[in-house]
Amino acid sequence: MPVIALQDLHKTYRSEHNVVHAVRGVTLAVEAGEFVAVMGSSGSGKSTLMNIVGCLDRPTSGSYRLDGTETSTLSKDQLADIRNQKIGFVFQGFNLLARTSALENVELPLVYAKPEIAPREQRRRALEALALVGLGERGDHTPSQLSGGQQQRVAIARALVNQPSLILADEPTGNLDSRTSVEIMGVFQRLNDEGITIIMVTHEPDIAAYTKRNILMRDGRILADQPVEQRSFAAEELARLDASGHAEFLSAAQTQPG
């Protein structure tokens, strides 16, 4: 059974003078353990589609099943429960609480968990999630004490802490430099290797190359859906960058006057 099953999905926004067909008849299945990039220009419908997949918005018509549950008829409270239990979100802007430690930021989704989770178990899960993203020793740091890449790792840990069946990432490297972007894609690749299903919105083809499947949208429709033929691997790219930087350092050192 697919984690995500969309059938003839439509989303239409209406105003007094205008009708916008944001998503037009999308049919799509994502299996457990896939790593998918959704691409497209502004206005292509990718963000609207992701909002529906994340149970943040409802389709105008069509079917959306998440882990076999039809979501389009659920109440707001039921959708909120699904978001908390089954979906982890990672955003471009990190969305961390500025005066709260990394550990407390990661614990936050557990505060709203049903059934309630004991504080000691919340702490254990948050520490485990931080360790998964390589920040096990930074739990007491506030966001201002962390680099952009580290803040995004905290956001990923927060998305993982409820052990969701799906992670949705919206332009997760959009605020990061090139090397840090590769490092974050390395985190996603490791998590996906452990069986976590990931869907990521990106407009960058070089970032999409780290996933396993690319979906291209235009005018609310899926224009292309294909596996990544020449996949990039973050560990290899980081090793290449390190070797290149070392070579540049040696070259500069050799040209310095003795």
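About the thresholds
Residues numbered from 1 in each chain as written. Predicted model: local features only at pLDDT ≥ 70, side-chain atom pairs only at ≥ 80, totals over all residues. Heavy atoms only, no water. Phe/Tyr/Trp six-rings, centres within 6.5 Å; stacked < 30°, edge-to-face > 60°. Helix = DSSP H or I, 4+ residues; strand = E, 2+ residues; numbered from the N terminus. Buried < 20%, exposed > 50% of the residue type's maximum accessible area, 1.4 Å probe, protein only. 1 Å grid on protein atoms, 1.4 Å probe; cavity = no way out; pocket = protein on both sides within 12 Å on 5 of 7 lines; lining within 4 Å. Points joined across faces, edges and corners; volume = space filled by probe spheres on them. Core = buried A, V, L, I, M, F, W, Y, C linked by side-chain atoms within 4.5 Å. Contact = heavy atoms within 4.5 Å. Pairing = 2+ DSSP bridges. Axes fitted to C-alpha atoms, helices over the stretch in contact; angles between N-to-C directions. Expected span 1.5 Å × (residues − 1). Arc of directions from axis to C-beta. Patch = residues over 30% accessible without salt bridge, like charges linked within 9 Å, V, L, I, M, F, W, Y side chains within 5 Å. Areas by Shrake-Rupley, 256 points an atom, 1.4 Å probe, with all protein chains shown as cover. Salt bridge = Lys/Arg side-chain N within 4 Å of Asp/Glu carboxyl O. Nonpolar A, V, L, I, M, F, W, Y, C, P; charged D, E, K, R; others polar.

Caption draft 1: Spatial organisation of the packing of aromatic side chains. Within this structure, the stated rule accounts for 2 aromatic pairs. Relative to Phe188, the ring of Phe35 has its centre 6.4 Å away and its plane inclined at 55°; by these criteria the two rings are tilted. Separated by 153 residues along the polypeptide, Phe35 in strand β3 (residues 35-39) and Phe188 in helix α6 (residues 178-193) bring together distant segments of the chain. In this structure, Phe35 and Phe188 share a single accessibility class: buried.

Caption draft 2: Quick look at the layout of surface pockets. There is about 430 Å³ of room inside the largest pocket. Lining of the largest pocket is provided by 15 residues; of these, Arg83, Asn84, Ile87, Phe89 and Pro109 occupy positions nearest its centre. Broken down by secondary-structure element, the contributors of at least two residues to the lining of the largest pocket are α2 (76-86), β6 (87-91), α3 (102-111) and α5 (148-160). With 4 residues, β6 is the largest single contributor of residues to the lining of the largest pocket.

Caption draft 3: Summary view of the nonpolar core. Within the largest apolar cluster, 42 residues are counted, with the highest numbers of intra-cluster contacts made by Val106, Val154, Ile156 and Phe188. If near-sequence neighbours (up to four positions away) are discounted, Ile156 is found in contact with Val90, Val133, Ile184, Val187, Phe188 and Leu191. The next biggest cluster of nonpolar side chains, apart from the first, holds 28 residues, and it includes Leu6, Leu28, Leu74 and Phe89.

Caption draft 4: Looking closely at the sheet that holds strand β1 (residues 4-14). The strand order across the open sheet formed by 4 strands is β2-β1-β4-β5, and the pairing between neighbours is antiparallel. The sheet terminates laterally at β2 (19-30) and β5 (69-70), the two strands that pair on one side only. Packing against the sheet, helix α1 (residues 46-53) makes contact with β1, β2 and β4 (61-66), and its axis sits at approximately 120° to β1.

Caption draft 5: Quick look at helix α4 (residues 119-132). Relative to the 20 Å expected for 14 residues at 1.5 Å per residue, α4 spans 20 Å between its end C-alpha atoms, a close match to the ideal helical length. Burial in α4 covers these residues: Gln122, Arg125, Ala126, Ala129 and Leu130. Down the axis, α4 shows its buried residues gathered within 135° of arc, on one side only. Looking at the residues trailing α4, positive phi occurs at Gly134, about 80°.

Caption draft 6: Highlighting the sheet that holds β6. Read from one edge to the other, the open sheet built from 6 strands follows the order β6-β7-β8-β3-β9-β10, with strand pairing classed as mixed. Each having just a single partner strand, β6 and β10 (221-227) make up the two edges of the open sheet. Across the sheet, the mean angle from the axis of one strand to that of its neighbour is 15°, orientation sign disregarded. Across 5 bridges, the pairing between β6 and strand β7 (residues 166-170) is parallel. If you follow Phe91 over to β7, its bridge partner there is Asp170.

Caption draft 7: Seen up close, a nonpolar patch on the surface. Taken together, the side chains of Leu97, Leu108, Val111 and Tyr112 present a nonpolar region at the surface, about 380 Å² in accessible area. You can see Val111 is positioned in helix α3.

Caption draft 8: Fine view of empty space enclosed by the protein. What the rule picks out here adds up to 2 cavities of 30 Å³ or more. As a volume, the largest cavity reaches approximately 70 Å³. For the largest cavity, the full set of lining residues is Ile4, Leu6, Leu28, Val30, Val36, Val38, Leu49, Met50, Val53 and Ile199. In terms of residues, the lining of the largest cavity owes the most to one element, α1, which gives 3 residues. Tallied by class, the residues present in the lining of the largest cavity amount to 10 nonpolar, no polar and no charged. Of the pockets and cavities examined, the second largest cavity occupies roughly 30 Å³.

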